[in-house]
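If you want the building blocks of each chain, they are given just below.
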Amino acid sequence: MQKKECIAMLLAGGQGSRLKALTKRIAKPAVSFGGKYRIIDFALSNCINSDINTVGILTQYKPYLLNSYIGNGEGWDLDGLNGQVSLLPPYFTEEGGSWYNGTADAIFKNMDFIDEMNPEYVLILSGDHLYKMDYNEMLKYHKNTKADLTVSVINVTLEEASRFGIMSVDSDLKITKFTEKPKKPDSTLASMGIYIFTWSVLRKALIEDSTDEKSEHDFGKNIIPNLLAENKRLLAYEFKGYWKDIGTIDSYYEATMDLLKDNPHIDIFSKEQKIFSNSNISPPHFVGANGKVEKSLVCNGCIIDGTVTNSILSSNVIVEKGAEVIDSILLPNVKVRAGAKVIRAIVGESSEISAKAKLGSAAKNSEIALIGDNEVYK
Amino acid sequence: MERLAGLISTNYNNKRFGKLTAHRPIAAIPFGSRYRLIDFPLSNMINSGITNVGIITPHLYRSIMDHLGSGKDFGLSRKNGGLFILPGTTYGYDLGVGKFSIRDCCGNYQFFERIKCDKIVLSTCSKIYNIDYRDVEKYHIDKDANITFVYQKDATGDAGDIVFDFSDKGKLKGIRRLKKKEKKVNLYLDGTIIEKNAMIKILDWYKDNSYMDIMDAIAENLGRFSIATYEFTGFARAISSLEDYISVSLELLDDKVMKELFTGDRLIHTKIHDAPPVKYFDRAKVKNALVGTGSIIKGQIENSIIFRDVVVEEGAKIKNSVIMQRCKIGKKAIIENCICEKAVVIDDGESHKGTDKKPAVLTND
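Residues numbered from 1 in each chain as written. Chains lettered and ligands numbered in written order. Predicted model: local features only at pLDDT ≥ 70, side-chain atom pairs only at ≥ 80, totals over all residues. Heavy atoms only, no water.

A. Fine view of the packing of aromatic side chains. Enumeration over the complete set of coordinates arrives at 26 aromatic pairs over all chains. Summarising the aromatic geometry, the rings of Phe84 of chain B and Phe111 of chain B are spaced 5.8 Å apart at their centres and angled 65° between planes, so their arrangement reads as edge-to-face. You can see Phe84 of chain B sitting in strand S5 (residues 82–86) and its partner Phe111 of chain B sitting in helix H4 (residues 109–114), a full 27 residues away along the chain. Given a relative accessible area of 29%, Phe84 of chain B falls into the partly exposed group. An aromatic cluster of three or more residues is present, and its members are Phe31, Tyr35, Phe40, Tyr245 and Phe262 of chain B. Above the ring of Tyr69 of chain A, the side-chain terminus of Arg38 of chain A is found at 5.4 Å from the ring centroid. One cation-aromatic arrangement involves Lys298 of chain B over Phe281 of chain B; the distance from NZ or CZ to the ring centre is 4.8 Å. (Phe/Tyr/Trp six-rings, centres within 6.5 Å; stacked < 30°, edge-to-face > 60°. Helix = DSSP H or I, 4+ residues; strand = E, 2+ residues; numbered from the N terminus. Buried < 20%, exposed > 50% of the residue type's maximum accessible area, 1.4 Å probe, protein only. Lys NZ or Arg CZ within 6 Å of the ring centre and 35° of its normal.)

Below, the structure is given as structure tokens:
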């Protein structure tokens with residue numbers, strides 16, 4: 001195999017407990033998004049669109065669906081002769097076994113994998129962010145500035161800043177201070193959780209961190225502050241595009257509904273930086289004689305004989321005669337039976353809304369109604 | 001040993017599809033919003049557990065090869081068996097009624113010698129139906145047959161189609177080709193299970209007379225084989241002309257037909273494009289339609305088949321039509337009873353109308 005300049009390590013083990021019912025059964029990166037996608041598609045597509053063809057995916061929380069969805073990576077062209085996807089779950093050794101305890105620990109425990117690939121640089125990514133980014137540009141920047149670590153940052157408002165890891169930089173964008181979730185932020189440059197490390201530097205830092213008993217083995221809390229303290233060369237790389245961390249049900253709803261706008265933040269129709277997915281073979285969607293669809297996204301396999309307005313219908317959703325779906329997100333295989341009404345709701349995969357049932361409320365300030373996977377709502 | 005292998009002939013064409021087959025074989029005609037005709041016989045085979053499939057290619061084979069690729073999307077990219085591309089002769093059937101020439105089989109004789117199977121399913125690409133060949137195979141074995149034909153009772157056949165005549169006791173009396181359109185016939189659905197050794201016998205008998213269609217050769221030798229006929233009772237249609245093409249396309253908009261063909265356990269497979277979902281805008285209106293992925297719909301659609309990556313601009317009205325991949329229908333354009341070839345651009349305000357008997361075919365030529 002040819003030597004790799006840069007490989008990606010994709011952190012996909014998080015539960016995402018703030019997504020409540022949506023992550024009861026599956027890991028957050030596997031949550032369905034925008035009809036036919038799953039959240040991890042964005043990071044994986046960014047990788048292949050940036051010519052990064054070796055991706056280690058670190059899984060831990062309820063990985064079954066994620067594993068089967070990713071498969072051998074062919075959905076993203078990550079199954080080439082010179083590249084691959086590797087699913088990296090926690091494992092057992094002769095000294096015993098343990099879970100991944102923190103983001104840095106997850107990478108530390110897979111040093112063998114990275115050593116095998118023997119890259120110059122390692123790109124650390126999260127599997128639960130929505131954005132289109134050319135990592136190559138960031139890598140070029142990392143090389144040109146001879147950085148040990150480059151952190152991708154985005155400008156946020158001062159109010160938002162206390163939710164993020166915040167960076168203070170000098171005029172050359174050299175990072176001078178890094179604070180996780182500061183109460184009084186002195187900068188608005190937020191870390192996007194996207195790092196490019198020079199592998200030799202990261203390798204040494206991970207080994208040192210692994211023996212520190214007080215460490216939480218976290219990139220933001222431990223690795224980056226340690227490197228700063230050692231006077232390593234840390235640079236900020238400012239990203240100007242759209243980036244969203246889907247943390248809560250509200251932000252999930254908002255980011256999904258944004259796709260319905262005439263000019264959404266993420267253009268899934270663009271042929272450039274295309275978002276790939278593991279497509280299914282469902283038939284084209286069918287709108288019946290009583291069907292009505294307006295301002296919506298509709299996926300393959302849907303059968304619509306009711307009314308659908310301002311909504312997202314994922315693959316194989318059925319909306320029966322007389323049913324109404326308004327301002328809602330229906331995940332794959334949802335059935336809305338005859339005469340049911342669904343307003344401002346998110347309905348989990350393979351759930352069913354019984355005939356004539358009413359779910360959700362049109363009131364703008366009402367909470368988004370949420371039904372988990374495989375439920376029947378009466 | 002694998003019991004069944006599949007063999008599909010695509011090396012035939014005729015002039016009855018007008019411009020639709022000017023640059024492609026009948027097998028590659030786009031159908032049903034995301035498929036091509038070849039997807040139906042091919043899916044029937046793979047959904048019946050067949051993992052060895054030979055495809056006899058036509059003279060103009062670009063579109064077929066592009067569609068099949070390595071066979072990956074059909075589960076046929078395999079170490080053990082998989083997809084076999086069998087080059088057809090340069091002059092395949094392009095005018096007559098033949099579809100499955102003995103010459104094409106003889107030219108690929110090694111396929112029959114090497115393929116690990118004792119029976120072969122033969123099919124062409126002019127009939128639309130969803131069948132489980134395992135049921136046919138069971139019937140074939142029960143009847144201790146050498147050859148089993150799949151047919152439909154009381155069907156409508158067109159000139160050139162093969163029909164079966166039965167005696168009062170239900171015994172097969174003869175196989176003949178229709179001279180003109182006929183209703184209520186026992187229509188051959190272009191699906192056959194044949195013992196491999198019977199197939200090889202026929203090829204050996206006819207190798208010097210190889211312009212013949214395999215079906216005509218069998219018809220001449222009915223007495224020499226044990227022949228069974230399997231009645232298929234589901235939805236099946238022949239697509240033999242442009243008129244058939246549009247009428248069967250629009251028949252897909254019948255709820256029951258659509259569900260039977262597309263949504264059961266045996267899905268129709270096709271080349272995967274990975275396009276985004278369909279986006280409907282504010283004033284979009286759609287009723288009775290099948291719509292492929294990646295399309296952007298701002299106008300009105302009624303009773304129509306829309307393929308992938310189509311753009312329908314504001315105020316456009318499409319009715320009783322088939323709009324193929326990557327077409328752009330301009331603002332306030334009116335399309336009725338038309339077939340829009342791939343990537344056709346209809347300018348703003350244009351109006352095109354065919355009739356339900358004679359659809360207009362719009363192309364870029």
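Having seen it, we continue.
B. Geometry of the side chain of Ser241 of chain B. Residue and element names in this part refer to chain B. Summarising the element assignment, Ser241 is placed in the loop between strand S13 (236–238) and helix H8 (242–251). Classification of Ser241 as buried rests on a relative accessible area of 3%. With near-sequence residues (within four places) excluded, Ser241 lies in contact with Arg16, Phe17 and Asp158. (Contact = heavy atoms within 4.5 Å.)

C. Structural context of the sheet that holds strand S26 (residues 341–343) of chain A. With parallel pairing, five strands are arranged side by side in an open sheet as S17-S20-S23-S26-S29 (chain A). Each of the sheet's edge strands pairs with one partner strand only, and the pair in question is strand S17 (292–294) and strand S29 (358–359) of chain A. (Pairing = 2+ DSSP bridges.)

D. Spatial organisation of the interface of chain A and chain B. Counting residues at the interface gives 39 residues for chain A, matched by 40 residues for chain B. For the pairing of chain A and chain B, the buried interface totals around 3100 Å² over both sides, and the portion due to carbon and sulfur atoms is 57%. Area buried by chain A at its contact with chain B is led by Phe269, Ile281 and Phe286 of chain A, which between them contribute 23% of it. Linking chain A with chain B are three salt bridges. Two residues, Asp79 of chain A and Lys72 of chain B, come together in a salt bridge whose shortest N-O distance is 4.0 Å. Between chain A and chain B we count 19 residue pairs in polar contact (both at pLDDT 80 or more) in total. Tallied by class, residues from the side of chain A that touches chain B come to 18 nonpolar, eleven polar and ten charged. (Buried area = accessible area lost by both parts, 1.4 Å probe. Salt bridge = Lys/Arg side-chain N within 4 Å of Asp/Glu carboxyl O. Polar contact = N/O pair within 3.5 Å; in protein donor to acceptor, adjacent residues only side chain to side chain. Nonpolar A, V, L, I, M, F, W, Y, C, P; charged D, E, K, R; others polar.)

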